[in-house]
Amino acid sequence: MARKGSLEAERAAIAKERHTLETREAKLRENEQAAMAELLKKSALGKAPLERVEDFFAALGKLGLDEAEKRLRIS
């Protein structure tokens, strides 16, 4: 019987750690999004009219990120 209690305690500890990690990951994603938004604001895109930015991202979506990076490196 004592073993059953220790197994349950271990499961509870793992669940608590999992929750803590999920919370940290969510906070990290929020921080990454905030950092990306800040970079965008400071970039040329942040100063461009909305219509041009929308067009740029539409073109980027069609090309894909890898292809767009490749083409920008060439220019």
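For the structure given in this document, a descriptive report is provided here. Just so we're clear, the structure is a prediction, and the values are computed from it rather than from any experiment. (Residues numbered from 1 in each chain as written. Predicted model: local features only at pLDDT ≥ 70, side-chain atom pairs only at ≥ 80, totals over all residues. Heavy atoms only, no water.)

Regarding the overall build of the chain
Inference 1: Tallying secondary structure elements over the chain gives four helices and zero strands in all.
Inference 2: Secondary structure elements of the chain occur, N-terminal to C-terminal, as α-α-α-α.
Inference 3: For 75 residues, the compact-globule estimate of 2.2 N^0.38 gives 11 Å, and the C-alpha radius of gyration of the chain, at 23 Å, exceeds that figure by more than 25%.
Inference 4: Over its C-alpha atoms, taken along the principal directions, the chain stretches across nearly 70 × 25 × 20 Å.
Inference 5: For the chain, the exposed area adds up to about 7000 Å²; of that, 59% sits on carbon and sulfur atoms.
Inference 6: Side-chain charges in the chain split into 16 positive and 14 negative, and the spacing between the mean points of these groups amounts to 3 Å. (Helix = DSSP H or I, 4+ residues; strand = E, 2+ residues; numbered from the N terminus. Rg over C-alpha atoms; globule rule 2.2 N^0.38 Å. Areas by Shrake-Rupley, 256 points an atom, 1.4 Å probe, with all protein chains shown as cover. Lys, Arg positive; Asp, Glu negative; His and termini not counted. Charge placed at Lys NZ, Arg CZ, Asp CG, Glu CD.)

Overview of helix H3 (residues 50-63)
Inference 1: Relative to the 20 Å expected for 14 residues at 1.5 Å per residue, H3 spans 20 Å between its end C-alpha atoms, a close match to the ideal helical length.
Inference 2: In the segment just after H3, Gly 64 is the residue with positive phi, at about 95°. (Expected span 1.5 Å × (residues − 1).)

What to know about the pattern of salt bridges
Inference 1: Evaluated as defined, the whole model comprises five salt bridges.
Inference 2: For Glu 69, the salt bridge is made with Arg 73, and the minimal N-O distance between the two is 3.9 Å. Of this pair, Glu 69 and Arg 73 both sit in helix H4 (residues 65-74), four residues apart, which is roughly one turn of that helix.
Inference 3: On the basis of relative accessible area, Glu 69 is assigned to the partly exposed category, the value being 35%.
Inference 4: Through salt bridges with shared partners, a single network forms among Glu 67, Lys 70 and Arg 71. (Salt bridge = Lys/Arg side-chain N within 4 Å of Asp/Glu carboxyl O. Buried < 20%, exposed > 50% of the residue type's maximum accessible area, 1.4 Å probe, protein only.)

Description of the packing of aromatic side chains
Inference 1: Inspection of the entire model under this criterion finds one aromatic pair.
Inference 2: Relative to Phe 57, the ring of Phe 56 has its centre 5.5 Å away and its plane inclined at 75°; by these criteria the two rings are edge-to-face.
Inference 3: Owing to a relative accessible area of 37%, Phe 56 belongs among the partly exposed residues under this scheme.
Inference 4: Classification of Phe 57 as partly exposed rests on a relative accessible area of 40%. (Phe/Tyr/Trp six-rings, centres within 6.5 Å; stacked < 30°, edge-to-face > 60°.)

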